[in-house]
Amino acid sequence: MGKLAKWLRMMGYDSLFFDGSDDSHMVARALAEGRVLLTRDTEIMKRRVINSGRLKAVLINSEEPEQQMRQLMDTLNLNRHFRPFTLCLECNQPLVERSREEVKDRVPPYVYKTQTQYMECPVCHRIYWRGTHWQRMTRKMEKFASRNNDSKD
Ligand SMILES: [Zn+2]
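Computed from a prediction, not measured in an experiment: that's the story for all the values here. (Residues numbered from 1 in each chain as written. Predicted model: local features only at pLDDT ≥ 70, side-chain atom pairs only at ≥ 80, totals over all residues. Heavy atoms only, no water.)

J.: Outline the coordination of the zinc ion, supporting the account with residue identities and numerical values.
T.: Around the zinc ion, the protein contributes the donor atoms C88 (SG), C91 (SG), C121 (SG) and C124 (SG), which lie 2.3 Å from the metal centre. Coordination at the zinc ion is tetrahedral: its 4 donor atoms span angles of 105 to 115° at the metal. Of note, the zinc ion draws all its donor residues from one chain, in the sequence arrangement C-x2-C-x29-C-x2-C. Residue classification places C91 among the partly exposed positions, given a relative accessible area of 24%. (Donors = N, O, S within 2.8 Å, 3.2 Å for Na, K, Ca; no water. Tetrahedral: all angles 85-135°; square planar, octahedral: opposite > 155°, others 65-115°. Buried < 20%, exposed > 50% of the residue type's maximum accessible area, 1.4 Å probe, protein only.)

Here it is as structure tokens:
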């Protein structure tokens, strides 16, 4: 589920990850912030707050992140709000745009030479750019999204 949270952030979805040590806290926070709860735990799904429909929750069927992503695409219609490159993958914070000059001394020289668009996390100060890893992930996400736009097979 930790990997799923990162993928969701990569697509621009505000996602919090809980380690499962305090389910009540997780449920309360989801309720307070109007979040959708994603869980692999069938016990949580039995809670009254979820059964009654007060808190929207999705029971994730697979352990495999790609399958999890597909399930979410289908059940939550995620592609409508696909905004990649907007959230920190580690902190879930909205990224801030940075100019090439601003990050010059903070990214590897080959990155500075080849990349023109940069984003910074205001919390952990990681710099993001659209490198090969990011491009690969985005292509994968777009594939999920377009699959969902097509008629369901
Ligand atoms: Zn961060």
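J.: Got a sec to walk through unusual backbone geometry? Specific residues and values, please.
T.: Despite not being glycine, F85 shows a phi value in the positive range, around 75°. Of the residues examined, F85 reaches a relative accessible area of 6% and is grouped as buried. One non-glycine residue, N92, adopts positive backbone phi at about 65°. Here N92 shows up in the loop between α5 (65-76) and β3 (96-98). For N92, a relative accessible area of 7% corresponds to the buried category. (Helix = DSSP H or I, 4+ residues; strand = E, 2+ residues; numbered from the N terminus.)

J.: Give me the packing of aromatic side chains: which residues, what numbers.
T.: Per the counting criterion, the structure on display carries 1 aromatic pair. The ring of Y112 carries the charged tip of R100 above its face, separated from the ring centre by 4.6 Å. (Phe/Tyr/Trp six-rings, centres within 6.5 Å; stacked < 30°, edge-to-face > 60°. Lys NZ or Arg CZ within 6 Å of the ring centre and 35° of its normal.)

J.: I'd like to hear about the side chain of R9, residue by residue, with values.
T.: Structurally, R9 is set in helix α1 (residues 2-10). Within the buried core, R9 has no salt-bridge partner, and the shortest N-O distance to an opposite charge, that of E90, equals 6.0 Å. For R9, the side chain forms a polar contact with the main-chain oxygen of E90, separated by 3.4 Å. The contacts of R9, once residues within four sequence positions are left out, are S15, L16, F17, L87, C88, L89, E90, C91 and N92. (Lys, Arg positive; Asp, Glu negative; His and termini not counted. Salt bridge = Lys/Arg side-chain N within 4 Å of Asp/Glu carboxyl O. Polar contact = N/O pair within 3.5 Å; in protein donor to acceptor, adjacent residues only side chain to side chain. Contact = heavy atoms within 4.5 Å.)

J.: Could you give me a rundown of the sheet that holds strand β5 (residues 127-129), with the residues and numbers involved?
T.: Ordered in space as β3-β4-β5, the 3 strands form an open sheet in which the pairing is antiparallel. Across the chains shown, the open sheet's two edge strands, defined by having one partner strand only, are β3 and β5. Within the sheet, the average angular offset between the axes of one strand and its neighbour, ignoring direction, is 40°. (Pairing = 2+ DSSP bridges. Axes fitted to C-alpha atoms, helices over the stretch in contact; angles between N-to-C directions.)

J.: Describe in detail the nonpolar core, supporting the description with residues and values.
T.: One finds L8, M11, M69, L72, L78, Y128 and M141 to be the most contacted residues of the largest nonpolar core, which totals 25 residues. Counting only elements with at least two residues in this core, the list comes to α1, α5 and α8 (132-149). Sequence-distant contacts of M69, defined by excluding residues within four places in its chain, comprise L4, W7, L8, M11, L78, M141 and F144. M26, V27, L37 and L55 belong to the second-largest nonpolar core, a separate cluster that totals 10 residues. (Core = buried A, V, L, I, M, F, W, Y, C linked by side-chain atoms within 4.5 Å.)

J.: Could you give me a rundown of the side chain of N92, with the residues and numbers involved?
T.: Only 2.5 Å separates the side chain of N92 from the side chain of D14, close enough to count as a polar contact. Those residues within four positions of N92 in sequence are excluded, and the remaining contacts are R9, Y13, D14, S15, L16 and L87.

J.: Provide a residue-level description of the packing of α1 against α5, including the pertinent values.
T.: Contact geometry of α1 with α5 gives a least axis separation of 9 Å together with a crossing angle of 55°. In this view, α1 runs oblique relative to α5, as classed from their interaxial angle. When the axes of α1 and α5 are compared, the crossing they make is right-handed. Residues K3, L4, W7 and L8 of α1 pack against P65, E66, Q68, M69 and L72 of α5. In terms of residue class, the contact of α1 with α5 is built from 6 nonpolar, 1 polar and 2 charged. (Parallel < 35°, antiparallel > 145°, perpendicular 65-115°, else oblique. Left-handed = near helix turned anticlockwise from the far one by under 90°. Nonpolar A, V, L, I, M, F, W, Y, C, P; charged D, E, K, R; others polar.)

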